[in-house]
Amino acid sequence: MFSSAEFRSAMRHVPGAVSIVTTGVRPGRHGLTLTAGCSLSTEPSSVLVCVNKSAGGHETIKQSGSFCWNILTADHAELAKKFAGQDGSKGDIRFADGLWRQLTTGAPSLIEAICSFDCRVSGSYDAGSHTIFVGEVVAQTTNLDREPLVYVNGEFTVPKR
């Protein structure tokens, strides 16, 4: 048998795209950094994000029924750290950095993100310490000329070409 610490250690070596999931409207906006998100279906267009139940935005996603999944660029390492809570900030104050707008649901969309997927929650599933939220995409933006930010080996980095 292996421990949860051993599992976390192994998972640090699995690269993941860095994103910020946002929810709520001012002054009750929340956001968090995560790497556990992916596309799910093209018909209907949908994604899934896995959110820790202890995260500030978890209950807001449940209550609002919406979230925006913002895929970060190589220039967003400091923003990712802020939304991961590394500077001690919580809630709406995290949105002081970055340029934000609302698309359809009202959840904050990062203007400079590679992609932002504005979603209505179409399902949620208990998964231990996390909830898997499935979101049907109702609006999206893209800036495909940007390099992605990746998390691997405990660091934010940019993939080598």
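Residues numbered from 1 in each chain as written. Predicted model: local features only at pLDDT ≥ 70, side-chain atom pairs only at ≥ 80, totals over all residues. Heavy atoms only, no water.

Under an unreviewed UniProt entry, the name given to the protein chain is Flavin reductase family protein, and the source organism is Bradyrhizobium uaiense. Annotation of the protein chain in UniProt includes, under Sequence similarities (unreviewed entry), the sentence "Belongs to the non-flavoprotein flavin reductase family." (UniProt positions renumbered as here; feature names shortened; annotations may be inferred.)

J.: Could you clarify how one ought to interpret the overall build of the protein chain in this entry?
T.: Broken down by element type, the protein chain carries 3 helices and 12 strands. Taking the principal axes of its C-alpha atoms as reference, the protein chain extends roughly 45 × 35 × 35 Å. Sequence separation of at least 24 residues holds for 63% of the intrachain contacts in the protein chain that already meet a minimum separation of 6. (Helix = DSSP H or I, 4+ residues; strand = E, 2+ residues; numbered from the N terminus. Contact = heavy atoms within 4.5 Å.)

J.: It is not clear to me how the pattern of salt bridges should be interpreted in this structure. Could you clarify?
T.: For side chains bearing opposite charge, pairing can occur when the charged atoms are close. Within this structure, the stated rule accounts for 6 salt bridges. For Asp97, the salt bridge goes to Lys82, with nearest N and O atoms at 3.7 Å. Placement of the pair is Asp97 in the loop between α3 (77–83) and β7 (100–102) and Lys82 in helix α3, with a sequence separation of 15 residues. Linked by salt bridges that have partners in common, Lys82, Asp87 and Asp97 make up one network. (Salt bridge = Lys/Arg side-chain N within 4 Å of Asp/Glu carboxyl O.)

J.: Explain the sheet that holds strand β1 (residues 16–17) here, please?
T.: Strand-to-strand pairing in sheets goes through backbone hydrogen bonds, with the strands running parallel or antiparallel. Taken together, 3 strands build an open sheet; the order of strands is β1-β11-β12 and the sheet is antiparallel. Each edge of the open sheet is held by one strand with a lone partner, namely β1 and β12 (155–157). Both β1 and strand β11 (residues 150–152) contribute to a ladder of 2 bridges, which runs antiparallel. Note that in β11 the partner of Gly16 across the bridge is Tyr151. (Pairing = 2+ DSSP bridges.)

J.: Looking at this structure, how should I read the sheet that holds strand β6 (residues 66–71)?
T.: Pairing in this open sheet of 7 strands is antiparallel, and the strands run β3-β2-β6-β9-β10-β5-β4 from one edge to the other. In the strand order of this sheet, the two ends are held by β3 (30–34) and β4 (37–42), each with one partner. Along the sheet, successive strands turn relative to each other by an average axial angle of 30°, direction set aside. The pairing of β4 with strand β5 (residues 45–52) spans 5 bridges and is antiparallel. Counterpart to Cys38 in the pairing with β5 is Leu48. (Axes fitted to C-alpha atoms, helices over the stretch in contact; angles between N-to-C directions.)

J.: What should I look at first to understand the pairing of β3 in this one?
T.: Among the 5 residues of β3, 4 are classified as buried, and the element is accordingly described as predominantly covered. Here strand β2 (residues 19–23) pairs with β3 via 5 bridges, running antiparallel. The partner of Thr23 across the bridge, within β3, is His30. Hairpin connection, β2 to β3: the antiparallel pair is bridged by 6 residues, and Gly24 has positive phi, about 85°. (Buried < 20%, exposed > 50% of the residue type's maximum accessible area, 1.4 Å probe, protein only.)

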